[in-house]
Amino acid sequence: MTAQAPAAAAAKTTPVISVRGIDMVFLKKQPGVVDKTAKRLGIARPEPVGVHALDGVDLDVFKGEVVGLVGESGCGKSTLGRVIAGILAPTAGTLRFHGREFDEMSPQERYRAKVAVQMIFQDPFASLNPRKRVAEIIGEAPLVHGLVPRNELSGYVDEIMLKCGIDPAYKQRFPHQFSGGQRQRIGIARALAVKPQFLVCDESVAALDVSIQAQVINLFMDLRRDFDLTYLFISHDLGVVEHIADRVVIMYLGRVVETAPTAELFANPRHPYTQALLANMPRISTEKQTFGQIKGEIPSPLHPPAGCHFHPRCPFAFDRCAAERPRLITKSAGISAACHLLEESSR
Amino acid sequence: MTEAKEPTLVVEGLKTHFFTEAGVVKSVDGVDLSVDRGEILGLVGESGSGKSVTGFSILGLIDQPGRIVGGSVRLNGEELTTASPKRLRSLRGDRIAMIFQDPMMTLNPVLKIETQMVETILAHRKVSHAEARATARDALGRVGIPSPEERLDSYPHQFSGGMRQRVAIAIALLHGPDLIIADEPTTALDVTIQAQILSEVQALCRETGTALIWITHDLAIISGLADRVAVMYAGRIVETGSIAEVVANPRHPYTHGLIGSVPSRNRRGTRLTQIPGMTPSFLALPPGCAFAPRCPRATEQCTAMPELAPCPSASHLARCFHPMPEGAAS
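Counting starts from 1 at the beginning of each chain's written sequence and moves along it residue by residue. Each chain is given a letter, starting from A, and each ligand a number, starting from 1, according to the order in which they appear as written. Reporting in this predicted model follows two pLDDT cut-offs: at least 70 for local features of residues, and 80 or more for side-chain atom pairs to be given and counted; totals over whole chains, interfaces and linings ignore these cut-offs and use all residues. To obtain the side-chain values, all non-hydrogen atoms of the structure were used and water was disregarded.

Some remarks on the interface of chain A and chain B
If you look at the interface, chain A gives 45 residues, while chain B gives 47 residues. Where chain A abuts chain B, roughly 3,900 Å² becomes buried across the two surfaces, and 54% of that area is made up of carbon and sulfur atoms. Put simply, buried area is the surface a 1.4 Å probe can reach on two separate parts but cannot reach once they are joined, added for both. When the buried surface of chain A facing chain B is broken down by residue, His 243, Ile 284 and Phe 291 of chain A rank first, second and third, together holding 18% of it. Every case where a carboxyl oxygen of Asp or Glu lies within 4 Å of a side-chain nitrogen of Lys or Arg is listed as a salt bridge. Counting across the chain A and chain B interface gives two salt bridges. Asp 227 of chain B serves as the salt-bridge partner of Lys 288 of chain A, at 2.7 Å between the closest nitrogen and oxygen. As used in this structure description, the phrase polar contact means that two N or O atoms lie within 3.5 Å; if the pair is within protein, one of them must be able to donate a hydrogen and the other to accept it, and residues adjacent in sequence are counted only when both atoms belong to side chains. Here chain A and chain B share 18 residue pairs in polar contact (both at pLDDT 80 or more) between them. Strands are runs of DSSP state E lasting at least two residues, helices are runs of H or I lasting at least four, and both sets are numbered from the N terminus onward. Contributions of two or more residues to the side of chain A that touches chain B are made by α8 (210–227), α9 (238–244), α10 (262–267) and α11 (272–280) of chain A. In the side of chain A that touches chain B, the residues fall into 17 nonpolar, 17 polar and 11 charged. Any two residues having at least one pair of non-hydrogen atoms within 4.5 Å are treated as being in contact. Note that Gly is not counted as nonpolar here; it falls among the polar residues with everything else outside the nonpolar set of Ala, Val, Leu, Ile, Met, Phe, Trp, Tyr, Cys and Pro and the charged set of Asp, Glu, Lys and Arg.

A look at the pairing of strand β4 (residues 66–75) of chain B
Residues and elements named next belong to chain B. When DSSP finds two or more bridges between a pair of strands, those strands are recorded as paired. Bridge count between strand β1 (residues 9–20) and β4: eight bridges; the pairing is antiparallel. Across the sheet, Thr 16 pairs through a bridge with Ile 68, a residue of β4. Relative to strand β5 (residues 78–79), β4 runs antiparallel, the two being bridged by two bridges. In the sheet register, Arg 74 faces β5, and the bridge partner there is Glu 79.

A closer look at the environment of Ala 245 of chain A
With respect to the helices, strands and loops of the structure, Ala 245 of chain A is situated in the loop between α9 and β9 (247–252). Residue contacts for Ala 245 of chain A: discarding those within four places in its chain leaves Val 66, Val 67, Gly 68 and Thr 262 of chain A together with Arg 268 of chain B.

Here we look at the environment of Leu 238 of chain A
All names here are of chain A. When you line up the elements, Leu 238 lands in helix α9. Partly exposed describes any residue whose relative accessible area lies between the buried limit of under 20% and the exposed limit of over 50%, with all areas from a 1.4 Å probe on protein chains only and scaled to the type maximum. Exposure remark for Leu 238: the relative accessible area of 3% places this residue in the buried category. Note: C-alpha distance between Leu 238 and Met 281 (43 residues apart in sequence) is 7.0 Å. Filtering out sequence-adjacent residues up to four positions away, Leu 238 remains in contact with Val 70, Phe 266, Leu 277, Leu 278 and Met 281.

This is how it looks when you write it as structure tokens:
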């Protein structure tokens, strides 16, 4: 399967997952001791601030595609993954599955849609129940969802384990008896056991050693071919995303700043932030690299800068950047970026 | 003055073993290293390869049940493995410093940055508190912390991860040490912040002539940062040489596999070269070459331990009976 074929074919069809204008605000739920005391004494306190984790995010993922979602800590990439996987309900915005809005679905449809979207987590030590045997971890969900009758379950679990490269002879073992790479395979097997169409992989190879990481990346690519899967692959590692994704979405402080087909994005980054990420990405080479072209810290998502969130660190920033939020401008099919410079240059 | 010609740090045949109830864990089993002034050596290996224990051994920070059982560690010609605890204490933080992965581990959460830095200065120098504070302020400025004077009065939790790591680096640099050992210091940081730290470390080593050992699992960082690299596997160095030699022409099958398993743009969408199996347990190491069970080139000969041999130049060494042919890297 070539990388371009599914993307081109999918362009005409409805996306598997489509999100529009997603906002996610995490508010401080409980007022702290200081707030309570201040209230009792009648002192005015500032309004509780919320973290705007996602700020008007649009994203389409088409069938058979691997979309890489890249960003640094606090950019909202995991939150978006959780919203898409149905774990978090967004504050505002719509989520569509095969063109049908989640809120308009009948309870049964919604239930089926949720099973079809599965998530694979970062930490293979925290995401498996330590008290359950592997056979139970993998077999529980298909049994509960009525996908496999109880008498066929054992054979089904064996089959899934084989597909994920775990020896079915180990099915009576507990998670602690496996290495990190094997546990990640168990996590993948658990997600696959409910026959999903869409996988959200949240930093799923970040915790693994280089040689084990390569094994798991290969497994993801094999499974995509064998099960006709669609992925949202969330990672901070540009090298991994460059390898596995067909299309890349770059996020910064809750907003999408650029999206483009992988080869295009790496060859011709349009947003200054993407350019900075690529320049600072360590690569295997025989020559020394010059690091650190971008100054400053990632601002706190509690108090993001006005206008373009990236402007305080951007070498090309001008007056407009501090005042006005740049829109995501589509430059050509599938390529868009949110930067005032692009707008100015296309005038 | 033979010592003057010797590199800043010379490690020869270092063996650090842990005597556990389950058996003897030979975490470091005959490691040779050297770093000279202003040089950056990358020590690369996967989890459990013994790279961190090598770093701790150099500083003499091995606790029970571990012990350095053999070999020598010489800093500017002075033997450290037999040095008294008092002597080691006066060297640590002064001549050798260490930077850890998690700066929360090295910074005391209940003390101001100033207190911690001044304490470090006064431990080694007889200066007034005001002078120490000035030194600390300058050190913070040097690692790129904005408004260092005010930041001295902050607590560690008031800094971001990247800034905390800068403080840790500033503390390591306080006395202008001859050698810094950095153990995965940027692993927990974001790409742009990691790049800032790498850039500053590169510049500082060039300016001050400090020798640096950068311990990491990430070959990509090493290839952009270091002058030389040593690849560790199961407690031994399997390949060492200049970055250009090792990256362009890896001779040990493990190094070759490691480079092959790094996703890079050349192999987009294709299967990554994967090393089959996993890192062996130290308690059940195979005889001879520890990599043999995972190695596609292994033969019966590999049940004996190969020596670290020139391959092909005297500066590029590999521990393998059947090294990869030249130009095997794709």
